[in-house]
Amino acid sequence: MKEIDVDKLVLELVGRVAGEIGTILYSLQLEDEFTDDKLALELGIDISEIRKALFAMYEIGIAEYKRKRDDETGWMEYYWRINYSRAREVLKRELEKTKKKLEEKIDSESNAIFYICPNYCIKVSYDDAIELNFYCPKCGSMLNYLDCENAIRNLKEEIKKIDEILKTL
Amino acid sequence: MIEFKDTKDEVLRIIKERGGVLQKDLWKELNIDSSKCSRILRKLEKDGLVKRIEVVVDGVKTFKIVPVELLEGKKDEELDLRHILERPDASFLPPCFACLERSCEATSCLKLEAWFLNRCRSPL
């Protein structure tokens, strides 16, 4: 198996949560506290975009903030810090959560037979498909048996991959 | 300093600006007591402006407050499975990775379903 690049995975995590701007902010390696308005000015990015990304990073546990009132203007200022030291911990938590979801998905898909509309209108259990005479109620197409054997094997492989990564964290 | 703005407006502004916020963060941040915050949020929900979704954070129950327009937009996007199916996967990890929907169920999540169906279509 290829060596797992933890930093790359962390970047993917940040990107998924906080988009491209989140990835940029995280990559800046901002060790010190900063205010979002100053950063917005320096980077030439809209402050609301920066805040949105930072709050998403806060929600997943990769950024933190304090609010202080500016003595001159009386406005509230947000002082941010990116928690690089927590990144591995957050990554671990997310991978464990993902693994659990995949296991639940495998469970629910293995324990039943499903039929699917070729136009992806609906996916129904075998019993429901009988009720519908094997026709899609939305588009009228004939429902097909959903062969998910490959997908389930694929999911099990992915769980193995996640386990491999978790071992290194 | 005199604050002209109504607390309710401020609450709504924060929720909209961030696209969602945890109730426990909201009252602490606005420096108001939790019952006042809860009252305001109930009013906003009654007015159809926000939705309160029960979530568990670090073992404690709280609400995630989401602006209604975001939920509606999301619903439309998620309902169209075909649209999601067309998006290529960025990596081997499913959409559950780094997903902020804390109350989501693996068995009923449409994003995970689309990701799964993509794997049913293409063999290993």
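In this report, we go over the structure that sits alongside the text.

Parameters at a glance
- Residues numbered from 1 in each chain as written.
- Chains lettered and ligands numbered in written order.
- Predicted model: local features only at pLDDT ≥ 70, side-chain atom pairs only at ≥ 80, totals over all residues.
- Heavy atoms only, no water.
- Helix = DSSP H or I, 4+ residues; strand = E, 2+ residues; numbered from the N terminus.
- Contact = heavy atoms within 4.5 Å.
- Pairing = 2+ DSSP bridges.
- Axes fitted to C-alpha atoms, helices over the stretch in contact; angles between N-to-C directions.
- Phe/Tyr/Trp six-rings, centres within 6.5 Å; stacked < 30°, edge-to-face > 60°.
- Buried < 20%, exposed > 50% of the residue type's maximum accessible area, 1.4 Å probe, protein only.
- Lys NZ or Arg CZ within 6 Å of the ring centre and 35° of its normal.
- Parallel < 35°, antiparallel > 145°, perpendicular 65-115°, else oblique.
- Left-handed = near helix turned anticlockwise from the far one by under 90°.
- Core = buried A, V, L, I, M, F, W, Y, C linked by side-chain atoms within 4.5 Å.
- Domains from an automatic or database assignment.
- Buried area = accessible area lost by both parts, 1.4 Å probe.
- Salt bridge = Lys/Arg side-chain N within 4 Å of Asp/Glu carboxyl O.
- Polar contact = N/O pair within 3.5 Å; in protein donor to acceptor, adjacent residues only side chain to side chain.
- Nonpolar A, V, L, I, M, F, W, Y, C, P; charged D, E, K, R; others polar.

### A look at the overall build of chain B
A tally of helices and strands in chain B yields 6 helices and 3 strands. The long-range share in chain B, meaning contacts at least 24 apart out of those at least 6 apart in sequence, stands at 51%.

### Focus: the sheet that holds strand β1 (residues 21-22) of chain B
Backbone-to-backbone hydrogen bonds pair the strands of a sheet. The strands run either parallel or antiparallel. All names here are of chain B. The 3 strands lie next to each other as β1-β3-β2, forming an open sheet whose pairing is antiparallel. The strands lining the two open edges of the sheet, one partner per strand, are β1 and β2 (50-57). Note that β2 and strand β3 (residues 60-67) share 8 bridges and pair antiparallel. Along β3, the bridge assignment pairs E54 with F63. Here helix α3 (residues 34-46) sits on the sheet in contact with β2 and β3, set at roughly 130° to β2.

### Describing the sheet that holds strand β2 (residues 63-69) of chain A
Residue and element names in this part refer to chain A. The 3 strands are arranged β1-β3-β2 in an open sheet whose pairing can be described as antiparallel. Each edge of the open sheet carries a strand with a single partner, namely β1 (34-35) and β2. Looking at chain direction, β2 and strand β3 (residues 76-82) are connected through 7 bridges and run antiparallel. From the neighbouring strand, E64 faces β3, where its bridge partner is R81.

### Here's the deal with the packing of aromatic side chains
This structure, assessed with the given rule, holds 13 aromatic pairs over all chains. Ring plane angle 15° and centroid distance 6.4 Å describe the contact between Y78 of chain A and W80 of chain A, whose orientation is recorded as stacked. Note on accessibility: Y78 of chain A and W80 of chain A belong to one class, buried. Arranged with centres 5.0 Å apart and planes meeting at 70°, the rings of Y115 of chain A and F134 of chain A form a pair that is edge-to-face. Placement of the pair is Y115 of chain A in strand β4 (residues 114-116) and F134 of chain A in the loop between α5 (126-131) and β6 (144-145), with a sequence separation of 19 residues. Assessed through its relative accessible area of 23%, F134 of chain A is described here as partly exposed. Members of the aromatic cluster, joined through ring pairs, are F55, Y58, Y65, Y78 and W80 of chain A. Just above the ring of F116 of chain B sits the side chain of K105 of chain A; from NZ or CZ to the centre is 5.3 Å.

### Concerning the packing of helix α4 (residues 87-110) of chain A against helix α6 (residues 149-168) of chain A
Residue and element names in this part refer to chain A. Where α4 meets α6, the axes come as close as 10 Å, and the angle between the chain directions of the two elements is 160°. Taken together, α4 and α6 sit at an angle that is classed as roughly antiparallel. Between α4 and α6 lies a crossing whose hand is left-handed. Contacts between α4 and α6 involve R88, K92, L95, E96, T98, K99, L102, E103, K105, I106, E109 and S110 on the former and, on the latter, I152, L155, K156, E158, I159, I162, D163, I165, L166 and T168.

### Things to note about the nonpolar core
Residue and element names in this part refer to chain A. Counting 58 residues, the largest nonpolar core has Y26, I62 and I82 as its most contacted members. No other element matches helix α1 (residues 6-27), which puts 10 residues into this core. Among the domains, domain 1 (6-82) and domain 2 (95-168) are the pair contributing at least three residues each to this core. Apart from residues no more than four positions distant in its own chain, I62 is found in contact with L13, V14, Y26, M57, R81, I82, N83, A87 and V90.

### Things to note about the interface of chain B and chain A
Tallying the contact residues gives 36 residues for chain B and 45 residues for chain A. Note on chain B versus chain A: buried area summed over both sides is about 3,800 Å², and carbon and sulfur give 61% of it. Counting across the interface, chain B meets chain A through 6 salt bridges. In this structure, K64 of chain B engages E59 of chain A in a salt bridge whose closest nitrogen and oxygen atoms are separated by 2.8 Å. For the pair chain B and chain A, the interface holds 16 residue pairs in polar contact (both at pLDDT 80 or more). In terms of residue count, helix α6 (residues 110-121) of chain B provides more of the side of chain B that touches chain A than any other element does, 8 residues in total. Split by residue class, the side of chain B that touches chain A holds 21 nonpolar, 3 polar and 12 charged.

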